[in-house]
Each structure stands twice: as C-alpha cells, then as structure tokens.
Amino acid sequence: MTKDIVVLGAGMVGVCTALALLQRGHAVVLVDRREPGRETSYGNAGIIQREAVQPYAFPREWAAVLRVVARQGNDVHYHPGALASLLPPLARYWRESAPDRYAGTIAAYSALIRHCLTEHERLIALAGAEDLVRKSGWLQGYRSAAAFDDAARAATEVGQQHGLDYRILDRAGITATDPAWCGPLAGAIHWRDPWTIADPGELVSRYATLYSQAGGIVRRGDAMTLRQAGSGWTVTTDEGPVNAAHAVVTLGPWASALIRPLGYRFPLFVKRGYHRHYAVESMPSLPLLDVENGFLLAPMKRGLRLTTGAEFAHHDAAPTPVQLRNAERHARELVRMGAPVEDTPWLGARPCVADMRPIVGQAPRHPGLWFNFGHGHQGFTLGPVTARLLAELMDGEQPWVDASPYDPVRFG
Ligand SMILES: Cc1cc2nc3c(=O)[nH]c(=O)nc-3n(C[C@H](O)[C@H](O)[C@H](O)COP(=O)(O)OP(=O)(O)OC[C@H]3O[C@@H](n4cnc5c(N)ncnc54)[C@H](O)[C@@H]3O)c2cc1C
C-alpha cells in the first residue's frame, strides 16, 4: 500500500532512504534546508569502506586514554569546555567498547558493511555515476616498523576472518602500487575491496537527481518545524506545509536536536573533522591514511583532500583546526603538496552513537515516526544499506539483515 512519507535531511543517508522508499512505490517528499549532500556527506574522505567491519572503539588501554587526555598525538583533539556534557555518552562509549560487548557490535556491524558495495553499485549504475568511482582500494600507512608489524598481524586476522582482499606492502611495494607516495613510510596495508569517490557531495547529488527523475519531491524547509498532526506529521517548507502519515529522521549530526524535545535521550555525540584541498604536481591514485599522525589524504576532483581525525567538541563550537595544521606539516613529508585550494578549512561532524551502531527503525513512542541516523565514521558507506533496511521495516517485511542490533528500543 502506498504511504505518504516525509524524509527529513538530505545527506547520503536521507537521499538513499527517500530513494529506497520511492522505488517501493511510496509518495516521498525529501526536506532539507540546503541542497542535497552539502553537509557531512559532502566533506568526508569519500571511501566506501568495505573493509570497515570493526567500527572505531574507545581505547581500553589506559596508556592510550592518557595519551589523548594529554593531547599527545594528532588523531584526537578535544575542547576541555565540552567534556562535562560529553562525559555521559563517552562513558557509555567506553563501556560498549569492552571486549565482550564490542565483539557483538562487530558481528552486527560487519553484517551491514558486507552489503555496502553491492548496494552502492546498483545506485551508481542507475545514477550514471561511474565516472566518480575508482575501484582500487586505499592504503593504511605506517611510519614505524613496529607499528607496521602490529598492523600487518591485525589486518591478516581481520582480513581472513571477514574474507577481505588485502595486501601487506613494504616500502617498495607502496611505491610500486602508487608511485606518487614517497617519504618516510615503513609499510602499508592495501585494502583492495573499497571504492573511492572523487567528489562525495557530487555522488549524493547524482543519487538525488535519480530520485527526482523517478518522481521524488525535494523541498527546502526546516526539520525543526516537524509536528504531529492528527494521526500523521507535518513540516513547514518554503512551498507550504507537507503532511504525511510517516516521517523519517535522517538528520545525521542534527538528529538529536529534533528528537530530544520528543523525549528521546539517546547517547549521541559528534566527532568533528576538518578537510582542506591542496594542489599537487602528481595526484596519487589511492588515498593514504597516515595512522601515526592521524590524517588521511584522498585524491579528489578539487585537489588532494586532507581529512583529520576526531575532535570532541560541541557540534556548533567555533572551528579549531589544530589537527589540520599539524597534519599539513606531516603530509608534506609524504607527497609534494602545493598551496591550499580554499582560504579556510571545511568543518563537519560525524554523527556517533555510544554503541557504535546506527539507529534504524521505528520511534518507540511516536507512531509513524522513524529513525535512520548515527552512522559515525561510515555513513557515506552505509547510506544505501540502512536505507534498504529501513524501507523493508517500514513495509513490514522481514529485513534481509537482522535489524534488531539497530532498533531504537535498545535505548528506551
Ligand atoms: C572528516 C570526515 C571524513 C569521513 N570519511 C568518511 C569515509 O571515507 N567514508 C564513510 O563512509 N564515512 C565517512 N565519514 C562519515 C560520513 O561523512 C557521515 O557518517 C555521513 O556523511 C553522515 O551522513 P548523514 O546523511 O547521516 O548526515 P549529513 O550528510 O550531515 O546529512 C544531514 C542533512 O540534514 C540536514 N539538516 C540538518 N538540520 C536540518 C534542519 N533543521 N532542517 C532541514 N535539514 C537539516 C543537513 O543540511 C544535511 O543535508 C567522514 C566524516 C568526516 C567528518
């Protein structure tokens, strides 16, 4: 039966959700205050991370925690003033990262990640977006031989357990694989399954065009105007109110602003991240993560995109791009980088959940309200996967992936 559905938020997750519902014959309106794909889904590293079967856990060794607290290392930065409000979700994040609980999360997470390439592949073909895609993986690089040896052992274990395609490359192997990378690298793991996208925001735009061409409606509006109206929902847009029997929240890092007033106090937080593009003489073909210095360099249409690790801060606090400045210095040791393309760095926020699983399913206390957010470090990867999962749930079908690990009821 056709349903009227309004989808709130047009990032990778919202666009894929609107498309999946439309393709099932529903009448869908996608609402955003901006063009589709202009926020977090625009600024990421553009990797469809088939290898990411283990979400980022909170470090459990005290040495690693103290290193972060002392602000040694460039992978994590924090605003001391934000810690008091971040403490409850971070304490839960720490608990959920205990080995027994984390093992359950890996099992659930890997069951979603397994489908990321096939779900994107279908949409990329329909959207005619093959020109944005490179299917040759990415490099996880190490400067010290000891760190590289540990990583090679870990990659072998996870790679064999999850059937991933990877190669362990020494220094010569890196150069043979991508001659653009030079400098002080001891070795790298080459994850060969993942796909990389030359312009992540453009891929979301192409999916949004596919949605519009198939009859989907896009409206500019503020999701915060969402109200219950009779047995359904209404939201105000530039072209008047949109009424629908069902509303889906796909607001990524802004989801908590909408759902908290409705009484949902989920353990959500953001890990902010920066990017900046640089001119290069010779563009690498594969992205490279400098693990020890906490940044990634990805070849993109606009230049070589440098993305940073996690910054724990209030979502709307002023930018403090210290990680980016440190990363730029180290990046120049790895590749001949010219001037930055933009005057100021881009800032975005990964929408994180303390148990490292996205929240996908029906709102526990509001009929007709559905959630699909909290994809953390892998929302660009998982957009089409959780979109399909949510669409199957909304249609009352047995989903093709067990949906229980993502059910909002786990937080009451
Ligand atoms: C530096 C960095 C690198 C990353 N690299 C990768 C990667 O390589 N691979 C990967 O899979 N993931 C990566 N991620 C994570 C990924 O980008 C996110 O998980 C993903 O983009 C989240 O998508 P989303 O659709 O949930 O949120 P968003 O893309 O942020 O979309 C939310 C939408 O809601 C809209 N919105 C907000 N408030 C309102 C309102 N009041 N009214 C109307 N609309 C509103 C916004 O305009 C936006 O369009 C990275 C993230 C960062 C920060």
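Right above here is the structure, for reference.
No experiment lies behind these values; they were computed from the predicted model shown.

### Brief notes about the sheet that holds strand β3 (residues 47-48)
- As summarised here, the arrangement of the 3 strands in space is β3-β9-β5, forming an open sheet in which the pairing is antiparallel. The two strands at the open ends of the sheet, each matched to only one other strand, are β3 and β5 (133-134).
- Sheet analysis places β3 next to strand β9 (residues 195-197), joined by 2 bridges and oriented antiparallel. Looking at β9, one finds that Ile48 is bridged to Trp195.

### Here's the deal with the pattern of salt bridges
- If you walk through the whole model with that rule in mind, you get 22 salt bridges.
- With a closest N to O distance of 3.0 Å, Glu39 and Arg34 form a salt bridge.
- For Glu39, a relative accessible area of 28% translates into the label partly exposed.
- On the basis of relative accessible area, Arg34 is assigned to the partly exposed category, the value being 37%.
- In this structure, Glu96 engages Arg92 in a salt bridge whose closest nitrogen and oxygen atoms are separated by 3.0 Å. Placement of the pair is Glu96 and Arg92 together in helix α4 (residues 83-96), with a separation of 4 residues, close to one helical turn.
- When its relative accessible area of 5% is taken as the criterion, Glu96 is described as buried.
- Under the relative-accessibility criterion, Arg92 is labelled partly exposed at 24%.

### What about the layout of surface pockets?
- Size it by volume and the second largest pocket reaches roughly 590 Å³.
- Contributing to the lining of the second largest pocket are 27 residues, with Ser256, Arg260, Leu268, Phe269 and Val270 lying nearest its centre.
- Elements supplying a minimum of two residues to the lining of the second largest pocket: α4, α10 (255-259), β15 (268-280) and β21 (346-353).
- With 4 residues, α4 is the largest single contributor of residues to the lining of the second largest pocket.
- Looking at which domains feed residues into the lining of the second largest pocket, each of domain 1 (4-43 + 201-266 + 355-411) and domain 2 (72-99 + 133-197 + 268-353) supplies at least three.

### Details of the sheet that holds strand β12 (residues 232-237)
- A sheet is described by the order of its strands in space; here 3 strands give the open sequence β11-β12-β13, paired in antiparallel fashion. In the strand order of this sheet, the two ends are held by β11 (227-229) and β13 (240-244), each with one partner. Averaged over all adjacent pairs, the angle separating strand axes in this sheet is 40°, with direction ignored.

About the thresholds
- Residues numbered from 1 in each chain as written.
- Predicted model: local features only at pLDDT ≥ 70, side-chain atom pairs only at ≥ 80, totals over all residues.
- Heavy atoms only, no water.
- Pairing = 2+ DSSP bridges.
- Helix = DSSP H or I, 4+ residues; strand = E, 2+ residues; numbered from the N terminus.
- Salt bridge = Lys/Arg side-chain N within 4 Å of Asp/Glu carboxyl O.
- Buried < 20%, exposed > 50% of the residue type's maximum accessible area, 1.4 Å probe, protein only.
- 1 Å grid on protein atoms, 1.4 Å probe; cavity = no way out; pocket = protein on both sides within 12 Å on 5 of 7 lines; lining within 4 Å.
- Points joined across faces, edges and corners; volume = space filled by probe spheres on them.
- Domains from an automatic or database assignment.
- Axes fitted to C-alpha atoms, helices over the stretch in contact; angles between N-to-C directions.

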